[in-house]
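So you can see what is in the structure, the chains are spelled out below.
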Amino acid sequence: MTPVFYMFADRQKVYDVVEAITGYRMHPAWFRIGGTAHDLPNGWDKLVRELLDWMPKRLNEYYTAALKNSVFVGRTRNVAQYDAKSALAWGVTGTGLRATGIDFDVRKYRPYSGYENYDFDVPVEYEGDAYARVIVHFREIEQSLKIIKQCLDNMPSGAYKADHPLAVPPPKDKTLQDIETLITHFLSVSWGPVMPAGEASVMAEVVKGASNYYLTSDKSTMSYRTRIRTPTFTHLQQMPSVINGSLVSDLIIYLATIDVVMADVDR
């Protein structure tokens, strides 16, 4: 349990940075259509840089204390194993897919949010077992730190939200200056943004895998139809084919390495 408590301590450091910037820890709710809830606070860059200096050394300790531990290796190698063909057949994405040797990351092959501007690698393992999934997760932390450093070093100055009256409420201070801005603010908050008629589908690489949002609009302030495809449900559906004939303890390891969050299952 020692490495776990070490990791809890570092998770708190990450939450400290998130809380300092957004005001909340686990559920910041900071992003908005067209930008963020508010601007970055003074000193945010110092907090992020301190975390970037701290984490690499800790990752090396984790690798030595946990990932090279003989008991951990013995309980995860060749456990809950499946191949690339099975992963594709079940629709597995994210870490579970890359652990079978398939180099697919939405951020690389269908870039969004400026990911085409970042230099990062896609970690891949080939065994398809629990240990391979853990190693991919571990390498992904290293790549995340690399992306964050690029953001920190190259972030331009500018407004924290778009100047688009049909999609983004105007700044609060301007609503106190003229009636037209106040009316726009009222309509934005009470009605919401007016979406053009048509269809849209957006895929993003999230912690659990690939998440897909599909919307149909009839030019109203709400979508006519919304469909969210999250990765966890697919991964759970694969479970019987992976675990049949194994020990109950192997099931626990399987669930841990696919990183299940039940709120992500049903959409």
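For clarity, every value in this text was computed on a predicted model and none was experimentally measured.

Notes on unusual backbone geometry
Reasoning step 1: Backbone geometry places N78, a non-glycine residue, at a positive phi of 60°.
Reasoning step 2: We note that S113 has phi near 55°; this positive angle belongs to a residue other than glycine.
Reasoning step 3: Within the fold, S113 resides in the loop between helix 6 (106-109) and helix 7 (130-154).
Reasoning step 4: With a relative accessible area of 64%, S113 lands in the exposed category.

So, empty space enclosed by the protein
Reasoning step 1: Taken as a whole and judged by the stated rule, the model has one cavity of 30 Å³ or more.
Reasoning step 2: Taken together, 16 residues make up the lining of the largest cavity; nearest its centre are T95, G96, K208, H235 and I258.
Reasoning step 3: Elements supplying a minimum of two residues to the lining of the largest cavity: helix 5 (95-98), helix 7 and helix 12 (248-258).
Reasoning step 4: Its residues assigned to classes, the lining of the largest cavity comprises five nonpolar, eight polar and three charged.

Let's talk about the side chain of R58
Reasoning step 1: If you trace the backbone, R58 turns up in helix 2 (residues 44-67).
Reasoning step 2: A distance of 3.0 Å separates the side chain of R58 from the side chain of D10, its partner in a polar contact.
Reasoning step 3: In this structure, R58 is in contact with Y6, A9 and D10, ignoring residues within four places of it in sequence.

A closer look at the sheet that holds strand 3 (residues 198-205)
Reasoning step 1: Across the sheet, which stays open at both edges, the three strands sit in the order 3-4-5 with antiparallel pairing between neighbours. Bordering the open sheet on either side are strand 3 and strand 5 (225-229), each of which pairs with just one other strand. Taken over all neighbouring pairs, the strand axes of this sheet differ in orientation by 10° on average, direction set aside.
Reasoning step 2: Judged from the eight bridges that link them, strand 3 and strand 4 (residues 210-217) form a sheet pairing that is antiparallel. The partner of V202 across the bridge, within strand 4, is Y213.

Focus: the nonpolar core
Reasoning step 1: In this structure, I21, V48, L59 and L67 are the most contacted members of the largest nonpolar core, which totals 18 residues.
Reasoning step 2: Elements that contribute at least two residues to this core include exactly helix 1 (2-22), helix 2 and helix 7.
Reasoning step 3: Broken down by element, the residue count for this core peaks at eight residues, all from helix 2.
Reasoning step 4: Beyond its immediate stretch of four places on either side in the chain, L59 contacts F138, I141, E142 and L145.
Reasoning step 5: Judged by nonpolar contacts, the second largest core, of 14 residues, contains L236, V242, I243 and Y254.

Some words on the environment of F186
Reasoning step 1: Note on placement: F186 falls in helix 9 (residues 179-190).
Reasoning step 2: By relative accessible area, which is 56% here, F186 ends up exposed.
Reasoning step 3: The sequence separation of F186 and P170 amounts to 16 residues, and the corresponding C-alpha distance is 9.7 Å.

With respect to the packing of helix 1 against helix 2
Reasoning step 1: Between helix 1 and helix 2, the shortest axis-to-axis distance is 11 Å and the interhelical angle comes to 165°. Between helix 1 and helix 2, the angle falls in the class roughly antiparallel. For the crossing formed where helix 1 meets helix 2, the hand is left-handed. Within the contact between the two elements, helix 1 uses P3, Y6, M7, A9, D10, K13, V14, V17, A20 and I21 and helix 2 uses W44, L47, V48, L51, W54, M55, R58, E61, Y62, A65 and A66.

Here's the deal with the pattern of salt bridges
Reasoning step 1: Tallying each qualifying case throughout the model produces 14 salt bridges.
Reasoning step 2: Across the salt bridge formed by E50 and K46, the nearest N and O atoms sit 2.6 Å from each other. Placement of both E50 and K46 in helix 2 is noted, with a separation of four residues, approximately one turn of the helix.
Reasoning step 3: Between R75 and D250 there is a salt bridge, and its shortest N-O distance comes to 3.1 Å. Of this pair, R75 sits in helix 3 (residues 70-76) while D250 is found in helix 12, placing the two residues 175 residues apart along the sequence.
Reasoning step 4: Each of the salt bridges in this network shares a partner with another, and the network as a whole consists of R98, D105, R107, E140 and E205.

A short note on helix 12
Reasoning step 1: Turning to helix 12, its buried residues are D250, I253, Y254, T257 and I258. Projected onto a plane normal to the axis of helix 12, the buried residues spread over an arc of 125° and lie on a single side. Residues of helix 12 that are exposed and angled more than 90 degrees away from the buried face: V248, I252 and A256.
Reasoning step 2: In the core, the buried residues of helix 12 are packed alongside helix 3, helix 7, helix 10 (231-237) and helix 11 (239-243).
Reasoning step 3: D259 occupies a position one or two residues after helix 12 and carries a positive phi of about 60°.

Reading the values: rules and limits
- Residues numbered from 1 in each chain as written.
- Predicted model: local features only at pLDDT ≥ 70, side-chain atom pairs only at ≥ 80, totals over all residues.
- Heavy atoms only, no water.
- Helix = DSSP H or I, 4+ residues; strand = E, 2+ residues; numbered from the N terminus.
- Buried < 20%, exposed > 50% of the residue type's maximum accessible area, 1.4 Å probe, protein only.
- 1 Å grid on protein atoms, 1.4 Å probe; cavity = no way out; pocket = protein on both sides within 12 Å on 5 of 7 lines; lining within 4 Å.
- Points joined across faces, edges and corners; volume = space filled by probe spheres on them.
- Nonpolar A, V, L, I, M, F, W, Y, C, P; charged D, E, K, R; others polar.
- Polar contact = N/O pair within 3.5 Å; in protein donor to acceptor, adjacent residues only side chain to side chain.
- Contact = heavy atoms within 4.5 Å.
- Pairing = 2+ DSSP bridges.
- Axes fitted to C-alpha atoms, helices over the stretch in contact; angles between N-to-C directions.
- Core = buried A, V, L, I, M, F, W, Y, C linked by side-chain atoms within 4.5 Å.
- Parallel < 35°, antiparallel > 145°, perpendicular 65-115°, else oblique.
- Left-handed = near helix turned anticlockwise from the far one by under 90°.
- Salt bridge = Lys/Arg side-chain N within 4 Å of Asp/Glu carboxyl O.
- Arc of directions from axis to C-beta.

Everything listed here is a matter of coordinates, which is why it stays silent on function.
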